[in-house]
Amino acid sequence: MSLVQRLARPEILALPPTDVAAAQKGAPIGSSIKLDANENPFAPLVGGSLAASINRYPEPQPAALRQRLADLYGVGPETLWVTRGSDDAIDLLVRAFCRPGIDKVAVVEPTFSAYAQFARIQGAEVIAARLTEEFAFDADAVFAAVQPERPKLLFLCTPNNPTGTPVDPNDARRIAAALPDTLVVVDEAYGEFAEEPSLAGEAAGNLVVLRTLSKAYGLAGARVGCAIADPEIIELIARVSPPYPLPSLSIAAALDALSPERMPLHAERVARLVAYREVLADTLRSVAEVRSVRTGGNFLFLEVDDPTGLAQRLAAAGIRLRFRPNAAPGGVRVTVGTDAENAAMLAVFGVASGDKPSRRVELVRDTKETRIAVAIDLDRSEPRRISTGIGFYDHMLDQVAAHGGFALTLACAGDLAIDPHHSVEDVALALGAALKQALRDKRGIGRFGFALPMDETRAEVLVDLSGRPFCKFEGTFETEAVGGLPTQMVPHIFRSLADAMGAAIHVRVDGDNDHHKVEGCFKAFGRALRMGLALGGDASALPSTKGML
Ligand code: PMP
């Protein structure tokens, strides 16, 4: 008898299997006349492009998203079931395996309350092991508490909500091996923010992994997650899934957000949130009313002296934190927010963050020809990660950011099969627009900048962040292209930048080698920008007698 045959509820095993491929059989949905599902033939009366075709039911199990998630987590699609958030995956597992009044679910308290909640709704008894006093995960203690109860499911949350505690993958493996008649469900909802490697690739036998797009990918409102497990378990939870669990809008949003040119920005955001998290933790450790600070995922777990008083001050400031008195008497979970949100939160703890307003912006620019995502931080020099599809252009933009002294994450998926033109131009426009936004009201900046030489080449770029677009390019190139970048596009790039930034950019270049000449222009532009963007002595001063820029 297989594991599933031993553990599953007999009444679920008796259900007919779900035919996952049913929707893909016959003509593709888009091209068939659909008179089979009692849908309304008219387009829905809602605006926006995502509304297209929501008069039709979605695929019961969206094949493209299933494949994309499988690729994302490095597993085969047959081992993954797309769910309505990972909440739904918890519920499906509990319903597929636990008979009311008979079976048990084990959790390691304090932890995410949904495990016990879904278990109780199903009528399953909840067995609670505990983290140590210090909120550490003690595998032997968990095993000792759980093993005699023979639960159907054991939920391990790593990093744990709300304490941030990681579970060492070796401990999870060991526990799964020692409990062969329990499904060990490792919830990696916050896995992207953790250092421990994912167990997704090892989800087989009685080891199940849950993932979600709600946290790292910013899609909490779309409700997309998944369970990764042995195909036999997947086949079983498919039987307890509702017919069309995932809204088409969510499927479309998830596929869009997970497209390759969005991935560098996701990575940059995660790194950024982790860095913020540690800065916040250090800051809060020096606050007297905060007795302890732990971190994990995209949150902090504090123990405070006076949770009631804190709650009042937070309410007055319009800030919501999650109080977790069951975890610890003064337990509070704090999600890492934006710079401004974090500063407002710190202010409630009496910490004035002397930080200047953030000069970080994100921008997404999509057309039929190009899809571009950019993140810029004028006050950090890392990371620099650029992929336009044109290697030499990447190198040139890297020069701009490196010499400009700012962090730049930029990815473009463009119609390069036609010509580099659209990608080159649109990237310049997106970069220019991002720079303009990041400058905000321009108070405190240098405004002007200039720079010069490179070997035999002389490249001179003058920049005025004036708000008035103007571009003057003096120089010619002998060759048609350098490294896949048409030289004809070089003046065009600077014009696009000037237009999008609202800046005057004057470029003059002469020399013998076109590679040097092109590179000289970008380097000099970076240097000129560095001076123009740099914050000077008086943060409130506008470098203009007009009073506006
Ligand atoms: N697991 C953990 C540990 C969580 O904290 C949460 C939500 N806060 C979830 C799962 C569920 O997330 P979602 O349903 O949005 O995927």
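Parameters at a glance
- Residue positions are given per chain, counted from 1 along the sequence in the order it is written.
- Local features in a predicted model are, by the rule used here, given only for residues with pLDDT of at least 70; side-chain atom pairs are given and counted only at 80 or more, and totals for whole chains, interfaces and linings are based on all residues.
- Hydrogens are left out, water is left out, and the side-chain values use all remaining heavy atoms of the structure.
- Secondary structure follows DSSP: runs of H or I at least 4 residues long count as helices, runs of E at least 2 residues long count as strands, and numbering of each begins at the N terminus.
- Each helix should span, by expectation, one fewer than its residue count multiplied by 1.5 Å.
- When a residue's accessible area, from a 1.4 Å probe over protein chains only, is under 20% of the maximum for its type it is buried; when over 50% it is exposed; and in between it is partly exposed.
- By convention in these notes, a salt bridge is any Lys or Arg side-chain nitrogen within 4 Å of a carboxyl oxygen on Asp or Glu.
- To form a nonpolar core, buried Ala, Val, Leu, Ile, Met, Phe, Trp, Tyr and Cys residues must be joined to one another through side-chain atoms within 4.5 Å.
- Here, residues are in contact when the closest pair of their heavy atoms is within 4.5 Å.
- Only a single heavy atom is needed: when it lies within 4 Å of a molecule or strand, its residue is near that molecule or strand.
- What qualifies as a polar contact is a pair of N or O atoms within 3.5 Å, subject to a donor-acceptor requirement within protein and to the restriction that residues adjacent in sequence count only when both atoms come from side chains.
- Accessible areas in this description were obtained via Shrake-Rupley with a 1.4 Å probe; residue shielding takes into account the shown protein chains only.
- Gly is put with the polar residues, along with every residue not named as nonpolar or charged; the nonpolar set is Ala, Val, Leu, Ile, Met, Phe, Trp, Tyr, Cys and Pro, and the charged set is Asp, Glu, Lys and Arg.
- A pair of aromatic rings is counted whenever rings of Phe, Tyr or Trp (Trp by its six-membered ring) have centres within 6.5 Å, and the orientation is called stacked for planes under 30 degrees apart, edge-to-face for over 60 and tilted otherwise.
- A 1.4 Å probe that fits into a set of points on a 1 Å grid over the protein atoms alone but cannot get out defines a cavity; an open set with protein on both sides within 12 Å along at least five of seven lines defines a pocket, and lining residues are those with an atom within 4 Å of a point.
- Grid points are joined across faces, edges and corners, and a volume is the space filled by probe spheres set on the points.
- DSSP bridges decide pairing: two strands pair if at least two such bridges lie between them.
- Comment: axis = line fitted to C-alpha atoms, over the contacting stretch for helices; angle = value between 0 and 180 degrees taken between N-to-C directions.
- Our angle categories are set so that under 35 degrees counts as roughly parallel, over 145 as roughly antiparallel, 65 to 115 as roughly perpendicular, and the remainder as oblique.
- Crossings are classed by handedness, with left-handed meaning an anticlockwise turn of the near helix from the far one by less than a right angle and right-handed meaning a clockwise turn.
- Counted as positive: Lys and Arg. Counted as negative: Asp and Glu. His and the chain ends are not counted at all.
- The domain boundaries here were taken from an automatic or database domain assignment.
- For the purposes of this analysis, a disulfide is any pair of cysteine sulfur atoms at a distance within 2.5 Å.

(A) Region of interest: helix H4 (residues 85-97). In this model, H4 (13 residues) spans 19 Å end to end at C-alpha, consistent with the 18 Å of a helix rising 1.5 Å per residue. Counting buried residues in H4 gives 11 out of 13 residues, a clear majority hidden from the surface.

(B) Layout of the pattern of salt bridges. Applying the stated criterion across every chain yields a total of 43 salt bridges. Residue Arg 262 pairs with Glu 261 through a salt bridge whose shortest N-O separation is 3.9 Å. Here Arg 262 falls in the buried class, since its relative accessible area comes to 8%. With a relative accessible area of 7%, Glu 261 lands in the buried category.

(C) Seen up close, the nonpolar core. Counting residues in hydrophobic clusters, the biggest one holds 55 residues, and the most contacted among them are Ile 376, Tyr 393, Phe 406, Phe 494, Ile 505, Phe 522 and Phe 525. Once residues within four sequence positions are removed from consideration, Phe 522 is found in contact with Tyr 393, Met 396, Leu 397, Gln 399, Val 400, Val 490, Ile 493 and Phe 494. With 52 residues, the next largest nonpolar core counts Val 75, Phe 193, Leu 199 and Val 270 among its residues.

(D) Here's a closer look at the site of the ligand. Of all residues adjacent to the ligand, which total 14 residues, the nearest are Ser 86, Asp 187, Thr 212, Ser 214 and Arg 223. In this structure, Asn 161 approaches the ligand through a side-chain N or O atom, which is 2.7 Å from an oxygen atom. Here Lys 215 contributes a side-chain N or O atom positioned 3.0 Å from a nitrogen atom of the ligand. Relative to its unbound accessible surface of 400 Å², the ligand loses 91% to contact with the protein. Considering each element in turn, the shell around the ligand owes the most residues, 3 residues, to H4. Along the lines of polarity and charge, the residues of the shell around the ligand split into 5 nonpolar, 5 polar and 4 charged.

(E) Focus on the packing of aromatic side chains. This model, assessed by the stated rule, comprises 9 aromatic pairs. Here the aromatic rings of Tyr 115 and Phe 155 are separated by 4.5 Å at their centres, their planes lie at 5°, and the arrangement is stacked. Here Tyr 115 is found in helix H5 (residues 114-121), whereas its partner Phe 155 is found in strand E4 (residues 153-157), with 40 residues between them in sequence. For Phe 155, a relative accessible area of 1% gives the class buried. Ring geometry for Phe 135 and Phe 301: centres 5.8 Å apart, planes at 80°, overall edge-to-face. With Phe 135 in the loop between strand E3 (125-130) and helix H6 (139-146) and Phe 301 in strand E9 (residues 299-304), this residue pair connects regions lying 166 residues apart in the sequence.

(F) Representation of empty space enclosed by the protein in the model. Scanning the model with the defined rule gives 1 cavity of 30 Å³ or more in all. For the largest cavity, the calculated volume is near 70 Å³. Every residue lining the largest cavity is listed: Val 108, Thr 111, Leu 131, Phe 137, Phe 155, Leu 156, Cys 157, Asn 160, Thr 165 and Val 167. Residue contributions to the lining of the largest cavity peak at 3 residues, all from E4. For the lining of the largest cavity, the residue count by class is 7 nonpolar, 3 polar and no charged.

(G) Layout of the layout of surface pockets. In this structure, the largest pocket encloses a volume near 940 Å³. Lining the largest pocket we find 35 residues, and of these Thr 335, Val 336, Gly 337, Thr 338 and Glu 341 sit closest to its centre. Contributions of two or more residues to the lining of the largest pocket are made by helix H10 (263-285), strand E11 (331-335), helix H12 (339-348) and strand E12 (360-366). Looking at the lining of the largest pocket, the element that brings in the most residues is H12, giving 6 residues. Here the lining of the largest pocket is composed, by residue class, of 15 nonpolar, 9 polar and 11 charged.

(H) Local environment of the environment of Asn 513. Tracing the sequence through the fold places Asn 513 in the loop between strand E21 (504-510) and helix H16 (514-533). In this structure the C-alpha to C-alpha distance between Asn 513 and Met 454, which are 59 residues apart in sequence, comes to 11 Å. Leaving out residues up to four positions away in the same chain, Asn 513 has contacts with Glu 456 and Thr 457.

(I) View of the sheet that holds strand E10 (residues 322-323). What the 4 strands build is an open sheet, ordered E8-E9-E11-E10; its pairing is antiparallel. The open sheet has two edge strands, strand E8 (290-296) and E10, and neither has a second partner. As paired elements, E8 and E9 share 6 bridges and run antiparallel to each other. Across the sheet, Thr 295 pairs through a bridge with Leu 300, a residue of E9.

(J) Inspection of the packing of helix H13 (residues 391-404) against H16 at higher detail. Look at H13 against H16: their axes get within 6 Å of each other, and the N-to-C directions meet at 30°. As the angle between them shows, H13 and H16 are arranged roughly parallel. Considering how the two elements wind past one another, H13 and H16 form a crossing that is right-handed. Residue-level contacts link Phe 392, Tyr 393, His 395, Met 396, Leu 397, Gln 399, Val 400, Ala 402, His 403 and Gly 404 of H13 to His 515, Val 518, Glu 519, Phe 522, Lys 523, Phe 525, Gly 526, Arg 527, Leu 529, Arg 530 and Leu 533 of H16.

(K) View of the sheet that holds E4. Read across the sheet, 7 strands follow the order E1-E7-E6-E5-E4-E2-E3 without closing on themselves; strand pairing throughout is mixed. The sheet is open, and its two edges are formed by strand E1 (80-83) and E3, each paired on a single side. Averaged over neighbouring strand pairs, the angle between their axes works out to 20° when direction is ignored. Inspection of the sheet shows E1 paired to strand E7 (residues 225-228) by 4 bridges, in the antiparallel sense. In the sheet register, Val 82 faces E7, and the bridge partner there is Cys 226.

(L) Structural context of the side chain of Arg 324. Secondary-structure assignment places Arg 324 in the loop between E10 and E11. The buried charged residue Arg 324 lacks any salt bridge, with Glu 109 as its nearest oppositely charged partner at 5.9 Å. If sequence neighbours within four positions are ignored, Arg 324 has contacts with Thr 111, Asn 161, Pro 162, Phe 301, Gly 331, Val 332 and Arg 333.

(M) How the structure looks around the domain arrangement of the chain. According to the domain assignment, the chain contains domain 1 (3-258), domain 2 (265-348) and domain 3 (360-533). Relative to domain 3, the C-alpha centre of domain 1 lies at a distance of 44 Å.

(N) Local environment of the state of the cysteines. Under the defined criterion, the tally for this structure stands at 0 disulfides. No disulfide involves Cys 471; its sulfur sits 10 Å from the nearest other cysteine sulfur, which is in Cys 521. Judged by relative accessible area, which is 22%, Cys 471 ranks as partly exposed. Of the residues examined, Cys 521 reaches a relative accessible area of 0% and is grouped as buried.

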